[in-house]
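Remarks on the overall topology
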Amino acid sequence: ENSTKRVDALMMIAYAGLNPMANRCKAGCPMRNIQATLDALTHAGLSVAVYEEIAVVDTGKGRSSLKTTKAKERELYQIVSPACSLYTNNLCLRPD
């Protein structure tokens, strides 16, 4: 699942019809719906920076010595814009 917070989440809710998550300013969509979400956002004239989760990192900064905090590491994969709205990540490497 791809998710976003704050102003970006408001754009996804307003223009792509996504629902807020946990009554917070956060929205997300499953990977299988990413192109439809990008199409809605770019049709509204917005450009989108697509980040994908690449790893979960143990930061070791828990509230006690027994807990650790896991942070999601993300990487910029593509900028999608009204001029080029096709998300091409892994398009030619898909097994199907």
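Thresholds, definitions, all that
Residue indices follow the written sequence of each chain, beginning from 1 at its first position. In view of the model being predicted, local features appear only for residues whose pLDDT reaches at least 70, and side-chain atom pairs are presented and counted only at 80 or more, with totals across whole chains, interfaces and linings using the full set of residues. Values shown for side chains rest on all heavy atoms present in the structure; no hydrogens or waters enter the calculation. Numbering of helices and strands runs from the N terminus; a helix is a DSSP stretch of H or I covering at least four residues, while a strand is a stretch of E covering at least two. The buried label goes to any residue with under 20% of its type's maximum accessible area, the exposed label to any with over 50%, and the partly exposed label to all in between, with areas taken from a 1.4 Å probe on protein chains only. It only takes one pair of heavy atoms within 4.5 Å for two residues to be counted as in contact. The method behind every accessible area is Shrake-Rupley, applied with a 1.4 Å probe, and residues are considered shielded solely by the protein chains displayed. Regarding the arc, it is the one traced by the directions from the helix axis to the C-beta atoms. Counted as a polar contact is a pair of N or O atoms within 3.5 Å, where, for protein atoms, one must be capable of donating a hydrogen and the other of accepting one, and residues adjacent in sequence contribute only when both atoms are in side chains. Think of a nonpolar core as a cluster: buried Ala, Val, Leu, Ile, Met, Phe, Trp, Tyr and Cys residues, connected wherever their side-chain atoms sit within 4.5 Å. Orientation is described by lines fitted to C-alpha atoms, with helices fitted over the stretch in contact, and by angles between N-to-C directions that extend from 0 to 180 degrees. For classification, angles of less than 35 degrees are called roughly parallel, those exceeding 145 degrees roughly antiparallel, those between 65 and 115 degrees roughly perpendicular, and all remaining angles oblique. Ten residues, namely Ala, Val, Leu, Ile, Met, Phe, Trp, Tyr, Cys and Pro, are considered nonpolar, four, namely Asp, Glu, Lys and Arg, are considered charged, and the remaining ones, Gly among them, are considered polar. Per residue, pLDDT captures the predictor's confidence, and it can take any value from 0 to 100. Only residues whose relative accessible area exceeds 30% and that take part in no salt bridge are eligible for patches, with like-charged residues grouped when within 9 Å of each other and nonpolar side chains (Val, Leu, Ile, Met, Phe, Trp, Tyr) grouped when within 5 Å. What counts as a salt bridge is simple: a side-chain nitrogen of Lys or Arg found within 4 Å of a carboxyl oxygen of Asp or Glu. Under the convention used here, Asp and Glu are negative, Lys and Arg are positive, and both His and the chain ends fall outside the count. Taken as the charge centre is NZ of Lys, CZ of Arg, CG of Asp or CD of Glu, depending on the residue.

Take the overall build of the protein chain next. Helix and strand counts for the protein chain stand at two helices and four strands. Relative to its 96 residues, the protein chain shows a buried fraction of 21%. Considering only intrachain contacts with a sequence separation of at least 6, the fraction spanning at least 24 residues in the protein chain is 45%. In the form shown here, the protein chain has an accessible surface area of approximately 7,200 Å², with 51% of it arising from carbon and sulfur atoms.

Attention now goes to helix α2 (residues 34-43). For α2, every residue scored as buried is listed here: Ile34, Thr37, Leu38, Leu41 and Thr42. Taken down its axis, α2 places every buried residue within 125° of arc, on the same side. Within α2, the exposed residues directed more than 90 degrees away from the buried face are Ala36 and His43. Directly beyond the C-terminal end of α2, a positive phi value near 90° is found at glycine 45.

To continue, consider the side chain of glutamine 78. With respect to the helices and strands, glutamine 78 occurs in strand β4 (residues 70-80). Reaching out from glutamine 78, the side chain makes a polar contact with the backbone oxygen of leucine 86 at a distance of 2.9 Å. Of the polar contacts made by the side chain of glutamine 78, one reaches the backbone nitrogen of threonine 88; its length is 2.9 Å. When neighbours within four sequence positions are excluded, glutamine 78 is seen to be in contact with Val48, Ala49, Val50, Leu86, Tyr87, Thr88 and Asn89.

Within the secondary structure, methionine 21 sits in the loop between α1 (6-16) and β2 (26-29). Relative accessible area serves as the criterion here: at 25%, methionine 21 is assigned to the partly exposed category. For the pair methionine 21 and alanine 9, spaced 12 residues apart in sequence, the C-alpha to C-alpha distance is 9.5 Å.

With that settled, the discussion passes to the nonpolar core. One broad rule of soluble globular proteins: the nonpolar side chains tend to lie buried together. Ala9, Met12, Leu18, Ala27, Cys29, Ile34, Leu38, Leu41, Val48, Val50, Val80 and Tyr87 together form the largest nonpolar core, which totals 12 residues. Among the elements that line this core, the one with the most residues is α2, at three residues. When residues no more than four places from it in sequence are discounted, the contact partners of leucine 41 are Met11, Met12, Tyr15, Ala16, Leu46 and Val48.

Glancing now at the packing of α1 against α2. For the pair α1 and α2, interaxial distance at closest approach is 9 Å and the crossing angle is 90°. Classified by the interaxial angle, the pair formed by α1 and α2 is roughly perpendicular. Taking contact as the criterion, the partners of Met11, Met12, Tyr15 and Ala16 in α1 are, on α2, Thr37, Ala40 and Leu41. Residue composition of the contact of α1 with α2, grouped by class: six nonpolar, one polar and no charged.

Looking at the protein chain as a whole, its pLDDT mean stands at 77, while 73% of the residues score no less than 70. When mean pLDDT is taken per element in the protein chain, α2 scores highest with 92 and strand β1 (residues 2-5) scores lowest with 64.

Let's shift gears to a positive patch on the surface. Taken together, the side chains of Lys5, Arg6, Arg24 and Arg74 make up a positively charged region of the molecular surface. Using a relative accessible area of 48% as the deciding quantity, one classes lysine 5 as partly exposed.

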